[in-house]
Structure formats: C-alpha cells, structure tokens
Amino acid sequence: MNSDMHELVLLRHAEARAPHGKQDDFDRVLSARGQADAGRLGVWLKQQNLRFDQVYASPSVRTRSTLASALPDHVLDAHLLPQLYLADREVLQTLLEQIPPRGRVLLLGHNPGMEQFAGALCGWLAPRALPTCGLLRLRLEAAGKASLIESWQP
C-alpha cells in the first residue's frame, strides 16, 4: 500500500438504462434517475469541498457520464483505464498498488467489484450495499487496510 496516499474514494457509476436491442453493456447510458443522482453527487462534492489528486475511471459510457455530471473539473485529467471496466476485487487491489502515492484518489467503477473491494479493505465480513452513484470515502492504513470516513448515496 502506498504510504503517501491518505484517502481512497470508491464511486459506483450512476444508474444506467438496461441495454436495448443488440446494445453492448459497455455502451449503456445513464437513466434519467442516474443523471439526476450524478448531479446531486456533484453538488454534495462541492459542498464538502472534496477534491481529488487523481481520478481513475472505467471507460464505459455510464462511468464517463457519471464523471462528467458529478466531477466536471476532472473530465480532462481522469485516467480512463480499460481494466476498471467490470473489475473484480483482485484487479482493483492490483491497481491500487500501482497508483502513484498522491493524496486523495478516486476510483470510479462497477459493482460487484467495488463493493467487494471495499469489504476486503475494511474487513467487512458481509457485503455492504453500494447503490448506483454510491460513494465510500476510505482512510488508507497500514497492511492494506482501510477505515470508512464517510459514505454518500442518492
């Protein structure tokens, strides 16, 4: 674990529409509720004055749309990583170990991997629901562990 990274924020994309026809899962767009939730998240982040030193996101349409609505200031500097698309806990752990240690880092991705990763970091025995557009703010500690600072959900 990177000792200079203080906080890890896990964000699940906002609600997406079900695929239609032959639409690929990767190309699903946000629902009206998802767009509204991402906008509310953006307002909350501004109210909290919560800024990110680094942002890593899945390149799927729904995660990029969530990023654009909730964190418009990070659209251009976010790292879109193909391995974050539907990443499982192990992929997220490997990614965390590879991230340069700098301040507050946001990972924007998908369930069930995000929820399982948070559980592994925090030692939760049972999964805790991370709804669409849900955010978990974690304080990173020694030995690959973390504690929950706060959470937000629409």
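One structure accompanies this document, and this report is about it. Keep in mind the model is a prediction, meaning the values are calculated, not measured.

## Topic: helix H1 (residues 32-48)
So, step 1. Across its 17 residues, H1 extends 25 Å between first and last C-alpha, which sits within 8% of the 24 Å expected from 1.5 Å per residue.
So, step 2. Phi turns positive, to about 55°, at Asn49, one or two residues after H1.

## Quick look at the environment of Leu11
So, step 1. Along the polypeptide, Leu11 turns up in strand S1 (residues 5-12).
So, step 2. The sequence separation of Leu11 and Trp152 amounts to 141 residues, and the corresponding C-alpha distance is 9.4 Å.
So, step 3. Those residues in contact with Leu11, other than ones at most four positions away along the chain, are Leu41, Thr66, Leu106, Leu107, Leu108, Gly109, Met114, Cys133, Gly134 and Leu135.

## With respect to the pairing of strand S4 (residues 103-109)
So, step 1. Burial runs high along S4: 7 of the 7 residues are buried.
So, step 2. Across 4 bridges, strand S2 (residues 54-57) lies against S4 in parallel orientation. The residue of S4 that forms the bridge with Val55 is Leu106.

## Examining the pattern of salt bridges
So, step 1. Taken as a whole and judged by the stated rule, the model has 9 salt bridges.
So, step 2. A salt bridge links Glu15 to Arg33; its shortest N-O distance comes to 2.9 Å. On the criterion of sequence distance, the pair formed by Glu15 in the loop between S1 and H1 and Arg33 in helix H1 is long-range, its members being 18 residues apart.
So, step 3. Note that Arg89 is salt-bridged to Glu90, the shortest N-O span being 3.0 Å.
So, step 4. Residue classification places Glu90 among the partly exposed residues on the basis of a relative accessible area of 44%.

## Quick look at the packing of H1 against helix H2 (residues 61-70)
The angle between the axes and the distance between the axes are what describe a pair of packed helices.
So, step 1. Packing of H1 against H2 brings their axes to within 7 Å, and their N-to-C directions diverge by 45°. Between H1 and H2, the angle is such that the two are oblique. Read as a crossing pair, H1 and H2 show a hand that is right-handed. Contact with H1, carried on its side by Ala38, Gly39, Leu41, Gly42 and Leu45, involves Thr66, Ser69 and Ala70 of H2 and no other residues of that element.
So, step 2. When the residues that make up the contact of H1 with H2 are grouped by side-chain class, the tally is 4 nonpolar, 4 polar and no charged.

## Notes on the nonpolar core
So, step 1. Judged by nonpolar contacts, the single largest core of 23 residues is most densely connected at Leu8, Leu10, Leu107 and Phe117.
So, step 2. Counting residues per element, the ones that place at least two in this core are S1, helix H3 (89-98), S4, helix H4 (113-122) and strand S5 (135-140).
So, step 3. Sort the elements by how many residues they give to this core and H4 lands first, with 5 residues.
So, step 4. Setting aside chain neighbours within four positions, we find Leu8 in contact with Leu96, Val105, Leu107, Phe117, Leu121, Leu136, Arg137, Leu138 and Leu140.

## Points about the packing of H3 against H4
So, step 1. The N-to-C vectors of H3 and H4 enclose an angle of 65°; their axes lie 8 Å apart at closest approach. Of the two elements, H3 crosses H4, and the hand of that crossing is right-handed. Counted together, Arg89, Leu92, Gln93 and Leu96 of H3 and Gly113, Met114, Gln116, Phe117, Ala120 and Leu121 of H4 form the full contact between these two elements.
So, step 2. Partitioned by chemical class, the residues of the contact of H3 with H4 number 6 nonpolar, 3 polar and 1 charged.

## Here's the deal with the environment of Phe117
So, step 1. Its place among the elements puts Phe117 in helix H4.
So, step 2. Residue class for Phe117 comes out buried when judged on its relative accessible area of 0%.
So, step 3. Remark: the alpha-carbon pair of Phe117 and Thr132, spanning 15 residues in sequence, is separated by 16 Å.
So, step 4. Residues within four places of Phe117 in sequence aside, it is in contact with Leu8, Leu10, Arg89, Leu92, Gln93, Leu96 and Leu107.

Cut-offs applied
- Residues numbered from 1 in each chain as written.
- Predicted model: local features only at pLDDT ≥ 70, side-chain atom pairs only at ≥ 80, totals over all residues.
- Heavy atoms only, no water.
- Helix = DSSP H or I, 4+ residues; strand = E, 2+ residues; numbered from the N terminus.
- Expected span 1.5 Å × (residues − 1).
- Contact = heavy atoms within 4.5 Å.
- Buried < 20%, exposed > 50% of the residue type's maximum accessible area, 1.4 Å probe, protein only.
- Pairing = 2+ DSSP bridges.
- Salt bridge = Lys/Arg side-chain N within 4 Å of Asp/Glu carboxyl O.
- Axes fitted to C-alpha atoms, helices over the stretch in contact; angles between N-to-C directions.
- Parallel < 35°, antiparallel > 145°, perpendicular 65-115°, else oblique.
- Left-handed = near helix turned anticlockwise from the far one by under 90°.
- Nonpolar A, V, L, I, M, F, W, Y, C, P; charged D, E, K, R; others polar.
- Core = buried A, V, L, I, M, F, W, Y, C linked by side-chain atoms within 4.5 Å.

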